[in-house]
Amino acid sequence: MSILRQLGTVVSFAACCLIATAAVAERLPLDVIPLHYQLTLAPDFTTTSFDGDLTIDLRVDKATNKIVLNAVDLEVYDAIVLLPYDRTLTPTVSTDPPHQTVTFTTPRKLSQGTIKLQLRYGGRLNSELRGFYLSRANGKKYAITQFEATDARRAFPCFDEPAVKASFTIAAVVDEHDTAISNGPLLSDTPGPKAGKHTLKFSTTQKMPSYLAALAVGDFACVEGGADSIPIRVCTTPDRRQLGRFALDAAENVLRFYNHYFSIRYPFRKLDLVAVPDFDAGAMENTGAIFFREQDLLLDEATATQANQVTVASVIAHEIAHQWFGDLVTMRWWDDLWLNEGFATWMASKPLVAWKPQWHAELADIAETGRVMDLDTLRSARAIRTTLTTPAEIDEAFDAFAYSKAGAILRMVESDVGADAFRAGVNAYLRAHAYGSATSEDFWNELARTSGRPADRVMARFIDQSGVPVVSVASGCDGTDRTVVDLAQRRFAVEAPSRPVAGGGWQIPIGLRSIDDRSASTSTTPLLLSAARQTATIPGCAPLIFANAGARGYYRVSYTAGVVSRLAAVARERLTPAERLRLIDDEWALARAGTHGPGDYLGLVGALAGDATPEVLEEAADGLAFLHDRVVADNDRAMFEGWVRTTFAPVLASLGWSPAADDSGDRLRLRAVVLGIVGEIGRDPEVATKARQMLTAHLDGSLRLDPSLLEVVIRLAASGEGADLFARVQDAANTAPPAIQTAMRLALARGQDPTLVGRLLASTLSDEVRGQDVAPLLAVALENPSARNATWSFVTSRWAEVARKAGQGSALSVIAPAAGSFCDSESRDRVQKFFGAMSQGSRSLQLTLERIDACRDTRLRLAGRLKDWLTLTSAPTRQDDSERSSATAGRSPR
C-alpha cells in the first residue's frame, strides 16, 4: 500500500492511524484453515447495502465443533456445513463484536479432513473508505473494496490473517449498465439472476491472503496494453479514460524491468490499475487489480510536470513491486510488515532509474531517508519490527519506519554486500517462500547465506532497534602515507545527541571516501563499524574523508571543526549529488541538535546555492524555511530574509523566469525551487508582484504558464492582496485534471493570508472537495505558519463535520500528525488535550507531541546563535572562528 507522497512529512512520516477502537484482535485458533473461497457479492446502490453468497472449502486439522472466522458488521442469514458423502450439519451462529469474530458451532465434532461452509449474509456499503464501501462520481455510484489491513472481514466472513492463504473465485451481481473488476481475468458475463442485473464471474486466483481480494463495481472505461504477454489495463471513470495513457506506459516499463530483475516472472495472469473515485490510501496492491487514488494514477501529459510524472510512476512501481513482495510472498504476521512495504519502497526507484534516468529517482530515496531519520530521533520512535496485536496497532504500523526506514536499511545492505549478491539473495528468498509466508529471519538468513556477508547481524540490529546512529569521524595522516580514521557511534537525538545506545549499538556498514581537495582523485574504503569506537587505516594521505560514500548508509556523520567548510568548498566538484544532499541534511540535523552552529549549516547552504541539482536545493529550502518560520526572532527576520535574497537572487537571475525550449527537467524544477526560496523565504516583494501578474495572465489566457511553475506561482500570488485571484484559482482547480487540481489546492493552502486560506478550509466541507481530499488539505494548511492558528480553530471547532466527511480514521491519521508543526508549549498542550481523548495514548500522538517539543527546544537553542551569525555577516570586518560565516564556505559576507 502506498503512503501519500504529496504532503511530504505530514503524511509520509506520520500517517499512523490514531483512532481508538474497542476491538482487540484475537488470532484465530486455526484448527480449521481455508483452501478456497467462492464468493459472490451483490451491491445494491438503492439501499446502499450488499448481499453475499460464500462457500469456503476448509481443511480440518484438529477435531473441533467450532469454526471461527473474522467478521464485522455482517449479518449471517443462513449457514450450513457440508461433510463428505453429502452429509450436512446446521451450525449455530454467534458473533463477538469486540473480537471481530463469528463462530459456527456444529452439533457434533468435525473430524480431520475436508469440508465446506456455505453462507448467505448481508452488510452495508459504508462511507468510511474501508471494507466494501460506497463512492460517487459524475452522478453515478460505485462500490469499492479496501481490505488492508483487517477490513476484508467487513465484506465477507473470512480468515483475515496474512499467513492464511487460499485461492478465490469471485463473482459480482451488478446493475446492467455497470461492470466490475476483480483479481482474476473475467471468465463470463451472463444476464440475471433477475431483470436489470448481470453476473460477472472471474477466474480463480492463486493462493493469497484475504486482504488482497478485490472488487470494484461501477461505470469504468479502460486503456489497454501489455508487457511480456501479460495484459495490462488502466481503468477509470469514462470521462478520464485518456488520462491513463501515461500510467499504462509506466506500468509496461516497470513490469518488463521486474520480470528481468526477478527470477520469478510476474506471478499473476493480468494486471489492472484502477483509479477509483474515492480512496483513502495512495494505492493498494490487490493481486492483479491495483486500486489507486486518481491523482496517483491519472495525469494529462500536456499539463503535467516532471514531478507529477515521477509521483505517478513511483506509486505504480511501488505497487507492482508488491506483486512479489506481499502478494507472492506475504509476511507471516503484521509484525513483519516491512517485508512488504520496505521492500516495495526499496525497489520502486530501480525501474524508474532504468526507464527515465533523467528523473534521478535515486535522489528521492536519499531525501526520504533524511526525513525518516528526523522522526527516528524521537523518543517514541518504534523499531521497524514491533509486536502488534489489535487492529488499531496494525493500522498504526503503516508508517515511515515500515516504509522509508526499512527501504533505507535495504539500500544500505545492498550497497554493502553488492548489487549482484543482494539480487541473488532476494531471488532465493522469493523462490523459497513463493505463494507462502515469511519472517524477517527468513530474509536476512537467506541473504547472509547467498552473499557470505554478515547481513543477518547488520539487519537484525537495525530492524529490531529504534533510533538512528550518528558516527563521529576524525582523520589525519600518520606520516607514513596512510590516513588514520577514528570513528565512534552513538544514538542521535536532538535533545541529547551523544547518549549511548541500549544494547551496544549497531553494526554499521560504512563507506569512507578519500577526497584530495587539490586534485580530482577519490577512493572508497568499506568497513563494518561494530564497536562503540573503532579505528581504520586507509592507504595514502587523504586531506578529506567523506564518511558515507554514495549516501547509502542509514546514519548521520559528525565531522570535526573545520571539515564541513572544507567539504563545502569542494562539494560541487568532488561529491556526488546524493552525497551533497546527505551532507546538507546531516549538517542541518546537527545544527538543530546544537552540536554544530547554524553558521556551519548556512555556510554550507551558501556554498551550494548555485548547485544544479534541484533535490539539493530542496533540502536546503526545508532548513531555511524552518529557520525563517520557527527560529529567527521577529526583530531579526528582515536580516535573515535579506541574507536569503542576497544568496539566492543571483541564482534566480541566472535561471530567469521564463523556461527555454531546451530546458531540462532538472532546470525546470530548479527554477521553481529557487523562485520559492527567494519569494517565500526571502520575501522578495518584486517576486510576489510578478507572480501575481503572471498568474493573472495565465488565468486570462494571455500567457501559458509552464506547468513546472504553476504551483510555486500560485503560492507566491496567494500571499495576500488577491482575494479575487484566490477565488479564480479555486474555480480553476475544480475543473483541472486530478494531479493539477491537487497541486493548485495545496498551493492555496500554503498562502500567506489566513483569511483567504480560511475560504479554502470552508470549501473542504462543500461538494467541491471529495472526502478523501479533506484531510490532506487541512494538514497542509495546518503546517502553513501563516494560517496555522486559523486552521487549528477551524479543525477543532468543526471536527465533527471534518471527521464525518473525511472519515474519523483518515482525519486522525493525517491531520493530527500535522499538528506537530506547532512550536510552543501552549500549543502542545492544546494538541494533547484535543487529540488525547481520541487517541488513547497512541504512539503517533506521542511522536506528534515530541515534534512540537523538539521544535520549541531547537528555537530556544538556535535563536541567539543565529542572530549572532546574521550580525557577523552584516559586519565583514569581524569574523568569529567558532561560528564560521559564509565567507569560509566560499561566499562573500553580505
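The following paragraphs examine the structure supplied in this document. All figures in this text were calculated on a predicted structure; none of them were measured in a lab.

Definitions and cut-offs
Residues numbered from 1 in each chain as written. Predicted model: local features only at pLDDT ≥ 70, side-chain atom pairs only at ≥ 80, totals over all residues. Heavy atoms only, no water. Helix = DSSP H or I, 4+ residues; strand = E, 2+ residues; numbered from the N terminus. Rg over C-alpha atoms; globule rule 2.2 N^0.38 Å. Buried < 20%, exposed > 50% of the residue type's maximum accessible area, 1.4 Å probe, protein only. Contact = heavy atoms within 4.5 Å. Areas by Shrake-Rupley, 256 points an atom, 1.4 Å probe, with all protein chains shown as cover. Lys, Arg positive; Asp, Glu negative; His and termini not counted. Charge placed at Lys NZ, Arg CZ, Asp CG, Glu CD. Disulfide = S-S within 2.5 Å. Expected span 1.5 Å × (residues − 1). Pairing = 2+ DSSP bridges. Axes fitted to C-alpha atoms, helices over the stretch in contact; angles between N-to-C directions.

1. Considerations on the overall build of the protein
Line of reasoning, step 1. Looking only at helices and strands, one finds 27 helices and 29 strands in the protein.
Line of reasoning, step 2. Scaling as 2.2 N^0.38, a compact globule of 894 residues should have a C-alpha radius of gyration of about 29 Å, and the protein matches this with 28 Å.
Line of reasoning, step 3. Expressed along its principal axes, the backbone C-alpha trace of the protein runs to roughly 95 × 65 × 55 Å.
Line of reasoning, step 4. Residues classed as buried in the protein amount to 62% of the 894 residues present.
Line of reasoning, step 5. Of all intrachain contacts in the protein linking residues separated by at least 6 positions in sequence, the fraction that spans at least 24 positions is 72%.
Line of reasoning, step 6. Carbon and sulfur atoms make up 49% of the accessible area of the protein, which amounts to about 31000 Å² in all.
Line of reasoning, step 7. Averaging the coordinates of the 95 positive side-chain charges in the protein and doing the same for the 106 negative ones gives two points 2 Å apart.

2. Quick look at the state of the cysteines
Line of reasoning, step 1. Going through the model one piece at a time under the given rule, you end up with three disulfides.
Line of reasoning, step 2. One disulfide in the model links C222 with C235; its S-S distance is 2.1 Å. Between C222 and C235, the disulfide has an S-S torsion of 105° and is therefore right-handed. Pair noted here: C222 is in strand β16 (residues 221-227) and C235 is in strand β17 (residues 230-236), with a separation of 13 residues, a long-range link.
Line of reasoning, step 3. Of the residues examined, C222 reaches a relative accessible area of 16% and is grouped as buried.
Line of reasoning, step 4. Covalent S-S linkage joins C477 and C541, the inter-sulfur distance amounting to 1.7 Å. Negative torsions about the S-S bond denote left-handed disulfides, and the value of about 95° found for C477 with C541 makes this one right-handed. One end of the pair, C477, is in strand β23 (residues 468-477); the other, C541, is in the loop between β27 (533-539) and β28 (544-546), and 64 residues separate them in sequence.
Line of reasoning, step 5. Counting its disulfide-bonded cysteines in sequence order, the protein shows a connectivity of 1-2, 3-4, 5-6.

3. A look at helix α12 (residues 577-593)
Line of reasoning, step 1. Taking 1.5 Å per residue, 17 residues should reach 24 Å; α12 reaches 25 Å between its end C-alpha atoms and fits that length.
Line of reasoning, step 2. Here α12 lies mainly inside the structure; 16 of its 17 residues are buried.
Line of reasoning, step 3. Taken from the residues just after α12, G594 is the one with a positive phi, measuring 85°.

4. Considerations on the sheet that holds strand β15 (residues 215-218)
Line of reasoning, step 1. Taken together, the four strands give an open sheet; going across it, the order is β9-β10-β15-β12, and neighbouring strands pair in antiparallel fashion. With partners counted over all chains shown, the strands left at the sheet margins are β9 (131-137) and β12 (179-182), one partner each. Along the sheet, successive strands turn relative to each other by an average axial angle of 15°, direction set aside.
Line of reasoning, step 2. Relative to β15, β12 runs antiparallel, the two being bridged by four bridges. For I181, the partnering residue across the bridge sits in β15 and is A216.

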